[in-house]
Amino acid sequence: MSISRRRALRVVPAVAATSLTTGLRAQPLGDARLMQGPMLGAVYPDRVHVWGRASDAYELSVAVSLHEDMRDMRVAGRVAVGPGSDYTGVVVATGLRPDSRYHYRVFLDGKEDDEWRKRPPLTFRTVPETGKARRFRVAFGSCARYSEDPQQPIWEGVAALQPDLFYERPVG
């Protein structure tokens, strides 16, 4: 069978592109990774919103505990993420107690990202019930450049104050 050069130049790139794309997606993309986040959003007396971006399509879930060792950890919320959401999602962790400090971890398809597993759990505090007042501390920061200098003394000072809320002003 003979094929003209012109026809080959039209057909071969299309076949190659289809094969390449199919081959790439057929291969696992590696371990599940939390690419961005977790980032806390709205906090209520009985729930909290946690945003994250995954490395691929997964179920993003948040497990909470009242204990730092996570001994009574329970999954409090989950959401599916994929290409339609740019692999991002907001988990609404529910069933929480008002005015309580929680420790939490984020999971992708029930597994924790290797990098996050090495760290202690993150924390948040739910707000008091409506109508009940509570004092709280807020800390502000900017221009951390953590990747260039991960041992910045300012973070020790912020941690020592144990703020209820930390706002880092993004620059750029």
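An account of the accompanying structure is given in this report. Here the structure is a predicted model, which means the values were calculated and not measured. (Residues numbered from 1 in each chain as written. Predicted model: local features only at pLDDT ≥ 70, side-chain atom pairs only at ≥ 80, totals over all residues. Heavy atoms only, no water.)

On to the side chain of His 103, then. Topologically, His 103 is positioned in strand 6 (residues 101-108). Given the relative accessible area of 10%, His 103 is considered buried. Excluding its chain neighbours within four sequence positions, the residues that come into contact with His 103 are Ala 63, Val 64, Ser 65, Leu 66, His 67, Glu 68, Met 70, Pro 121, Leu 122 and Thr 123. (Helix = DSSP H or I, 4+ residues; strand = E, 2+ residues; numbered from the N terminus. Buried < 20%, exposed > 50% of the residue type's maximum accessible area, 1.4 Å probe, protein only. Contact = heavy atoms within 4.5 Å.)

Taken as a whole and assessed by the stated rule, the structure comprises 13 salt bridges. A salt bridge links Glu 115 to Lys 118; its shortest N-O distance comes to 3.2 Å. Here Glu 115 falls in the partly exposed class, since its relative accessible area comes to 36%. Residue Asp 164 is joined to Arg 134 by a salt bridge in which the shortest nitrogen-to-oxygen separation is 3.4 Å. Taken together, the positions of Asp 164 in the loop between helix 3 (153-161) and strand 9 (165-169) and Arg 134 in the loop between strand 7 (122-125) and strand 8 (138-142) put the pair 30 residues apart, joining distant regions of the chain. Assessed through its relative accessible area of 30%, Arg 134 is described here as partly exposed. (Salt bridge = Lys/Arg side-chain N within 4 Å of Asp/Glu carboxyl O.)

With that settled, the discussion passes to the sheet that holds strand 7. As summarised here, the arrangement of the four strands in space is 4-3-6-7, forming an open sheet in which the pairing is antiparallel. Either end of the sheet is taken by a strand with one partner, and the two such strands are strand 4 (74-81) and strand 7. For this sheet, the mean inter-axis angle between neighbouring strands, taken without regard to orientation, is 30°. In the sheet, strand 3 (residues 58-65) pairs with strand 4 via seven bridges, with the strands oriented antiparallel. Directly across from Ser 61, in strand 4, lies its bridge partner Arg 78. (Pairing = 2+ DSSP bridges. Axes fitted to C-alpha atoms, helices over the stretch in contact; angles between N-to-C directions.)

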